[in-house]
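So the chains spell out like this:
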Amino acid sequence: MSRPVPVPTQLSRPFWEAARRGELVVPHCPTCGLRFFVPEPACPGCMARDWRYAPSAGRGTVYSVTVVHRAPGPGFDTPFALAVIDLDDGATLLAHVDAGDPGDVVIGLRVHVDFRALTDEITLPYFVPENRPSPSITE
Amino acid sequence: MNPADRRLPVVVGVYATEQALSLPDRDAMDLALEAVSGALMDAGLAPSDVDGAQVDWPGPGGVPGEGSSWARVLGRDLRWTSDSMLDNAGSRGLLKAAAAVRAGFADTVVVGGCRLVSRGTGPVGAGVALEFADVWGSYVVAQFALVAARHMHEYGTTSRQLAEVAATIRNNGTTNPEAMMYGRGPYTADDVLASRMVATPFHLLDCCIVGEGGAALVVTTAERARDLPHPPVAVLGGGMQYHQAAYANPALYREVGGLGRPAAERAYAMAGIGPHDVDVFSLYDPNSFEVIRQLEILGLCGEGEGGPLAASGAIAVGGKHPVNPDGGCLAYAWNGTQQMTLKVVEAVRQLRGTAVHQVAGAELAVVGNAGSGAQHYEMSVLGRMR
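Keep in mind it's a predicted model, so treat the numbers as computed, not measured.

Rules of the game
Going along each chain's sequence as written, the residues are numbered from 1 onward. Whichever chain is written first becomes A and whichever ligand is written first becomes 1, with later ones labelled in order. Given that the model is predicted, a residue must reach a pLDDT of at least 70 before its local features are reported, and side-chain atom pairs must reach 80 or more before they are shown or counted; all residues, however, enter totals for whole chains, interfaces and linings. Side-chain measures here rest on the full set of heavy atoms in the structure, leaving out hydrogens and waters. Secondary structure elements are defined from DSSP: runs of H or I of at least 4 residues count as helices, runs of E of at least 2 residues count as strands, and each element is numbered from the N terminus. C-alpha atoms define the radius of gyration in this analysis, and the globule rule sets the expected value at 2.2 Å times the number of residues to the power 0.38. Here the term buried applies to any residue with accessible area under 20% of the maximum for its type, exposed to any over 50%, and partly exposed to those in between, with areas from a 1.4 Å probe on protein chains only. When checking whether two residues touch, look at their non-hydrogen atoms; a contact exists if any pair is within 4.5 Å. The sign given to each residue is positive for Lys and Arg and negative for Asp and Glu; His and the chain ends receive no count. To locate a charge, take atom NZ for lysine, CZ for arginine, CG for aspartate or CD for glutamate. The term buried area denotes the loss of accessible surface (1.4 Å probe radius) that occurs when two parts are joined, taken as the sum for both partners. Salt bridge, as applied in this entry: a Lys or Arg side-chain nitrogen positioned within 4 Å of an Asp or Glu carboxyl oxygen. Counting of polar contacts relies on pairs of N or O atoms within 3.5 Å, with two restrictions inside protein: one atom must be capable of donating a hydrogen and the other of accepting it, and residues adjacent in sequence are counted only when both atoms are side-chain atoms. Three residue categories are used. Nonpolar comprises Ala, Val, Leu, Ile, Met, Phe, Trp, Tyr, Cys and Pro, charged comprises Asp, Glu, Lys and Arg, and polar comprises the others, including Gly. DSSP bridges decide pairing: two strands pair if at least two such bridges lie between them. In this analysis an axis means a line fitted to C-alpha atoms, helices contributing only their contacting stretch, and an angle means the value between N-to-C directions, from 0 to 180 degrees. Angle categories are assigned with fixed cut-offs, so that under 35 degrees is roughly parallel, over 145 is roughly antiparallel, 65 to 115 is roughly perpendicular, and the rest are oblique. Only Phe, Tyr and Trp rings take part, Trp by its six-membered ring, and two of them pair if their centres are within 6.5 Å. Stacked means planes under 30 degrees apart, edge-to-face means over 60, and tilted covers everything else. By definition here, a helix of n residues has an expected span of 1.5 Å times n minus one.

What chain A contains, in helices and strands, is one helix and seven strands. Computed over C-alpha atoms, the radius of gyration of chain A comes to 15 Å, within 12% of the 14 Å expected from 2.2 N^0.38 for 139 residues, which places it in the range of a compact globule. For chain A, the spread of C-alpha atoms along the principal axes amounts to about 40 × 35 × 25 Å. Taking all 139 residues of chain A together, the buried fraction comes to 51%. A separation threshold of at least 6 residues defines the contact pool for chain A, and within that pool the share at least 24 residues apart is 48%. Distance between charge centres in chain A, computed from 12 positive and 16 negative side chains, equals 4 Å.

Here you go:
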């Protein structure tokens, strides 16, 4: 058994295609200006249906974090730091922050995206502490 | 409450099946049938007295998931039913049944059932694949942990305060013969802190148990309740709040820290009471922290003050605000969605004066169900009638 692999939908396919290219994109609503995550069938700000993916610089701040010692299933190396990240340019997402020692991931930590391939199709937006080189290379 | 209010919705029957970590000789249908029969017997009613069923129908038999399957075994046509597991449990189920009774769509509604979620595959969670959560190992405990961690960061809430909550509620289960954890413990806060870490800040003993069992309750009108055996328990008020669906997005403290407060304010106003009038609280306790958050949103203290209040002894059976005298989900039972109904069962027993750990003279109870980190809250105010 391995880690659950995301199955792209019509809403998310451009996100995963961009991730494979090493680009972080988030839904952006041209009508009301909101950037949001996860993708929804209509904008959570104004219910417009014509939102589009827009690039993010991939820098942000840890809003909250838990160090998970007991994973929900096989395929995870524990412990890992599961964090909520507020992106500087809008939208909030869930990801692992790899700081080497997961205990070093604290609320307020500045992070940037670090893409790592999970499968041929799916590349995941990990985050690593800012001003630090990526501590480990792709899995 | 007005004695002339003939359609006032009241709870007249409650029942909990055995609750255990595993019930290998039982299936969900068998437990659901026992729960319904037990609640009707407690109410002094026959199956044919029921004209509404918000009850899980797991099958075999009937059509699994279709509530109207109950019409055939109850032996009569129904006027009210539900096909949704969350509408069949706890405060949400109770309030929808009460609304139906109040409006006259039905006179006597059974709410409850059984779903053996612990026999499913994968972690307990939404029950469907979540594209942006599952891949990160973001499951129930971790999503609640993300909320707790932010509360601790903002207000200085401590792991020891969390541990005091867990120990207090767990110790109620230690001496409750119906509890899954009966005879285990007692626990001190140090025991909780010494148990292995699951997801910071939650140690193993900060987290609820996972098991199997069913439950049901019967709602009818105050008029119908007059000649029934138990003192009726009135549904005096209620409120619900839904922030978003379960687990797809992480619960953010800045969005859900106050989740349930407006619902509680509406429920208190409807009942004509305040939080300090309440004698006993039956609250969702999937972990120690969620109790602390609810003390705040239920108006028992200010935001950020829940940790010290919970650790002060206030939530003990003899305290100012007793919480979960049955041992809660931490030690009595968590069984999927019907753990929410168990919260109503305990509140009704307290108001009848028949609880295992009875709060002396309890006249008003609050039932708080929540979930998913928490993304939803359903609260009801119950009161003893005579």
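With that settled, the discussion passes to the interface of chain B and chain A. Residue-level contacts link 28 residues of chain B with 37 residues of chain A. Taken together, the two surfaces of chain B and chain A that pack against each other cover about 2700 Å², and 66% of this comes from carbon and sulfur. Scanning the region where chain B abuts chain A turns up one salt bridge. As a salt-bridge pair, Arg254 of chain B and Asp86 of chain A come within 2.7 Å of each other at their nearest N and O atoms. For the pair chain B and chain A, the interface holds 16 residue pairs in polar contact (both at pLDDT 80 or more). Within the residue set of the side of chain B that touches chain A, elements represented by two or more residues are helix H4 (140-155), strand S5 (197-199) and helix H8 (253-256) of chain B. The residue inventory of the side of chain B that touches chain A, partitioned by class, reads 17 nonpolar, five polar and six charged.

All right, on to the sheet that holds strand S11 (residues 376-384) of chain B then. Residues and elements named next belong to chain B. Across the sheet, which stays open at both edges, the nine strands sit in the order S3-S2-S4-S7-S1-S8-S11-S10-S9 with mixed pairing between neighbours. The open sheet terminates on both sides in strands that have one partner only, identified here as strand S3 (80-81) and strand S9 (280-283). Relative to S3, strand S2 (residues 52-55) runs parallel, the two being bridged by two bridges. Across the sheet, Gly52 pairs through a bridge with Trp80, a residue of S3. Across the sheet, helix H3 (residues 90-103) touches strand S1 (9-16), S2, S3, strand S4 (109-113), strand S7 (215-221), strand S8 (233-242), strand S10 (364-371) and S11, and the angle it forms with S8 is around 115°. Of the strands in this sheet, S8, S9, S10 and S11 touch helix H9 (residues 261-271), which is tilted by about 155° from S8.

Moving on: the packing of helix H10 (residues 288-297) of chain B against helix H11 (residues 306-314) of chain B. Residues and elements named next belong to chain B. Taken N-terminus to C-terminus, the directions of H10 and H11 make an angle of 110°; their axes are 8 Å apart at the nearest point. Here H10 is positioned roughly perpendicular relative to H11, judged by the angle of their axes. Residues Ile292, Leu295 and Glu296 of H10 pack against Gly306, Gly307, Leu309 and Ala310 of H11. Per-class residue counts for the contact of H10 with H11 are four nonpolar, two polar and one charged.

With that settled, the discussion passes to the packing of aromatic side chains. All names here are of chain B. Inspection of the entire model under this criterion finds 13 aromatic pairs over all chains. When the centroid spacing of 5.0 Å and the interplanar angle of 85° are considered together, the rings of Trp57 and Trp70 count as edge-to-face. Of the two residues, Trp57 is situated in the loop between S2 and helix H2 (69-74) and Trp70 in helix H2; the sequence distance between them amounts to 13 residues. Judged by relative accessible area, which is 1%, Trp70 ranks as buried. A centroid spacing of 6.0 Å and a plane angle of 15° characterise the contact between Trp80 and Phe105, whose relative ring orientation is stacked.

Within the structure shown, the criterion is met by 27 salt bridges over all chains. Close ionic contact of Glu130 of chain A with Arg110 of chain A constitutes a salt bridge, the shortest N to O distance being 3.4 Å. Of this pair, Glu130 of chain A sits in the segment after strand S7 (123-129) while Arg110 of chain A sits in strand S6 (residues 110-117), and the two are 20 residues apart along the sequence. For Arg110 of chain A, a relative accessible area of 29% translates into the label partly exposed. Here Glu223 of chain B makes a salt bridge to Arg6 of chain B, at a shortest N to O gap of 3.5 Å. Taken together, the positions of Glu223 of chain B in helix H7 (residues 222-225) and Arg6 of chain B in the segment before S1 put the pair 217 residues apart, joining distant regions of the chain. Salt bridges sharing partners connect three or more residues here, namely Arg59, Asp88, Arg110 and Glu130 of chain A.

Our next topic: H3 of chain B. All names here are of chain B. Look at H3: 20 Å from first C-alpha to last across 14 residues, which is about the 20 Å you get at 1.5 Å a residue. In terms of burial, H3 is largely enclosed, as ten of its 14 residues are buried. Those residues of H3 not exposed but buried are Gly90, Ser91, Arg92, Gly93, Leu94, Leu95, Ala97, Ala98, Ala100 and Val101. The first or second residue beyond H3 is Gly104, which carries a positive phi of 90°.

Between the first and last C-alpha of helix H13 (residues 339-352) of chain B there are 20 Å, a value that for 14 residues agrees with the 20 Å anticipated at 1.5 Å per step. Counting buried residues in H13 of chain B gives 14 out of 14 residues, a clear majority hidden from the surface.

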